[in-house]
Amino acid sequence: MSNVDDIGAEESLMDAQSGLATVEVPSLATLGAAEVQPWTVLCVDDEPSILSALRRVLRAEGCRLLVAQGGAEALAVLATESVDVVVSDMRMPGMDGAQLLAQVREKWPGTARILLTGYADIDATIAAINNGQIYRYIHKPWDEHELRLTVRQAAERQQLERERQRLQDLTQEQNQALQELNVSLEARVAERTAELSVANDRLKRNYLTIIRTFSGLLELRGGVLAGHGKRVGDLARRMGVALELPTEQIQDLFVAGLLHDLGFTAIPENVLTIPQMLLAPAEMNAYRRHPVLAAQALMALEDMQGVIPIVRGHHERFDGKGFPDRLMGADIPLGARILAVADHYDDLVHGHITGKPLKPDQAKSLLQRGAGEQFDPEMLALLLRLTDEQPTQYPLKEVAARELKPGMVIGRDLKTAENVVLLAIGQVLSTGLIQRIQRFEEREGTPVTLWVRDSAAPAKAPAKATSAAR
């Protein structure tokens, strides 16, 4: 039999997010939704102690909790209950987690699926990704903050998707009604279209905010991952802008830069702490699997289909001697050729390859030796030109949380003590976001100050920068 744990049913969804108030996720109320009910999570495990632990961890989220001690019991619960997220253990008697989540996907596609696994069984995890199209998999023993954040984001994503579908259905109904009315109602059509445009823009911003948050969690492993994804993503995006690529491709480049090392989450820790040139053959084989593992992890996400080829191919070589697919020349996706030079440049500058950080000029000199062999010569020439340019200078000022104003732009990343990015550079402050920052300051009991600029307009750069300033 299943157990129901109703917790905080009268709390709003925004209150349930208070543990990470500075991550900007658009309120469903702003999308025109009616009162939002607490989301429901079904936890599935054959061990009562694990279920109790999950209930304890998720209790603070204010969600409605259901539990089941096996796959068959879980399916029975789903047949009678509306569930936003299923969190299932992998190894269970009778029906394992991969089989259960595959059935959930088939019968209840609107329910997000998360897999818990305490085994280093990549084949079983891949099966769950392919057949169940899971939202995430989390290793046991889990990190409580990561588990809560993942479940929360999965539930919010499902609710946002349902709300978007509701808005789309409502638009169709209104369009049908408009056909029966006279031309004087055209103004209502324009108004509704504008509202939908705002909603879609917010969803796009939320998508990037979630990606940035996930990238920040990835960087918690430290070592070569700390700050690497953000630097590579920013450089790849600059290259895409210089090539005048379409906006969608530039966004895919940036996201690929943030997540290109996602496969390292399944790689032994010791491989990440050794410079690439010093890896033993077995360790190098494990290292070379990370592009494939990252691509597999993103496979089920519709929004990531443009990102996957870039992530998978960022270690291909222009001469066909790279990995994992030994692609050559123009057969390598353009985004992967861009990411390859951006990733390698950052690795050299921060000592990830040789174990010793190089100066930018030294790194560029080494990169030039690989032109036409390891790297696309045109993409390499573009990187060398962009890294030689004087960065745009913005006037920044340090502002206390109580003095923030809408329209200000974040000039430096705001990070936690664990180096997780809460607010990324370039984020435009809104009234709602400022209020969440101020509530965060009150809860933590620590003053929060941010480096901001008043607008997107840069200050006049000096006529000539000295080498020290550069």
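Before reading on, note that the structure itself is shown above.
Bear in mind the structure is a predicted one, so any value in this text is a computation, not a measurement.

Student: Outline the overall build of the protein, listing residues and values.
Tutor: What the protein contains, in helices and strands, is 17 helices and eleven strands. Here the protein holds 470 residues, and the buried ones make up 49% of them. Sequence separation of at least 24 residues holds for 66% of the intrachain contacts in the protein that already meet a minimum separation of 6. Within the structure as shown, the protein displays about 23,200 Å² of accessible surface, and the carbon and sulfur contribution to it stands at 51%.

Student: I'd like to hear about the packing of helix α14 (residues 334-349) against helix α16 (residues 377-388), residue by residue, with values.
Tutor: Where α14 contacts α16, the two axes come as close as 9 Å, and the packing angle between them is 50°. Comparing the axis directions of α14 and α16 gives the class oblique. In this structure, α14 meets α16 at a crossing whose hand is right-handed. Contacts from Leu 334, Arg 337, Ile 338, Val 341, Ala 342 and Tyr 345 in α14 reach Met 379, Leu 380, Leu 383 and Thr 387 in α16. Its residues placed into classes, the contact of α14 with α16 shows eight nonpolar, one polar and one charged.

Student: Can you tell me about the pattern of salt bridges, naming the residues and giving the values?
Tutor: Tallied over the full model, the rule gives 19 salt bridges. The partner of Asp 89 in a salt bridge is Lys 140, and the shortest N-O contact between them spans 3.2 Å. With Asp 89 in strand β4 (residues 85-89) and Lys 140 in the loop between β6 (136-139) and α6 (144-179), this pair connects stretches of sequence that are 51 residues apart. A relative accessible area of 23% places Lys 140 in the partly exposed class. The partner of Arg 136 in a salt bridge is Glu 146, with the nearest N and O atoms 2.5 Å apart. Taken as a pair, Arg 136 in strand β6 and Glu 146 in helix α6 lie far apart in primary sequence, ten residues in all. Given a relative accessible area of 23%, Glu 146 falls into the partly exposed group.

Student: Give me the lowdown on the packing of aromatic side chains, citing residues and values where you can.
Tutor: If you walk through the whole model with that rule in mind, you get two aromatic pairs. Arranged with centres 5.7 Å apart and planes meeting at 35°, the rings of Phe 264 and Tyr 287 form a pair that is tilted. Placement of the pair is Phe 264 in the loop between α9 (247-259) and α10 (269-273) and Tyr 287 in helix α11 (residues 281-287), with a sequence separation of 23 residues. Taken as a pair, Phe 264 and Tyr 287 share a single burial class, namely buried. Pairing Tyr 287 with Phe 323 gives two aromatic rings, centres 6.5 Å apart and planes at 70°, and the pair type is edge-to-face. Here Phe 323 lies in the loop between α13 (308-312) and α14 and Tyr 287 lies in helix α11, a separation of 36 residues in the sequence. As far as the burial class goes, Tyr 287 and Phe 323 line up, both buried. Ring-pair connections join several aromatic residues into one group, and the members of that group are Phe 264, Tyr 287 and Phe 323. One cation-aromatic arrangement involves Arg 237 over Phe 254; the distance from NZ or CZ to the ring centre is 4.0 Å. Arg 412 extends its terminal NZ or CZ atom over the ring of Trp 451, reaching a point 4.1 Å from the ring centre.

Calculation notes
Residues numbered from 1 in each chain as written. Predicted model: local features only at pLDDT ≥ 70, side-chain atom pairs only at ≥ 80, totals over all residues. Heavy atoms only, no water. Helix = DSSP H or I, 4+ residues; strand = E, 2+ residues; numbered from the N terminus. Buried < 20%, exposed > 50% of the residue type's maximum accessible area, 1.4 Å probe, protein only. Contact = heavy atoms within 4.5 Å. Areas by Shrake-Rupley, 256 points an atom, 1.4 Å probe, with all protein chains shown as cover. Axes fitted to C-alpha atoms, helices over the stretch in contact; angles between N-to-C directions. Parallel < 35°, antiparallel > 145°, perpendicular 65-115°, else oblique. Left-handed = near helix turned anticlockwise from the far one by under 90°. Nonpolar A, V, L, I, M, F, W, Y, C, P; charged D, E, K, R; others polar. Salt bridge = Lys/Arg side-chain N within 4 Å of Asp/Glu carboxyl O. Phe/Tyr/Trp six-rings, centres within 6.5 Å; stacked < 30°, edge-to-face > 60°. Lys NZ or Arg CZ within 6 Å of the ring centre and 35° of its normal.

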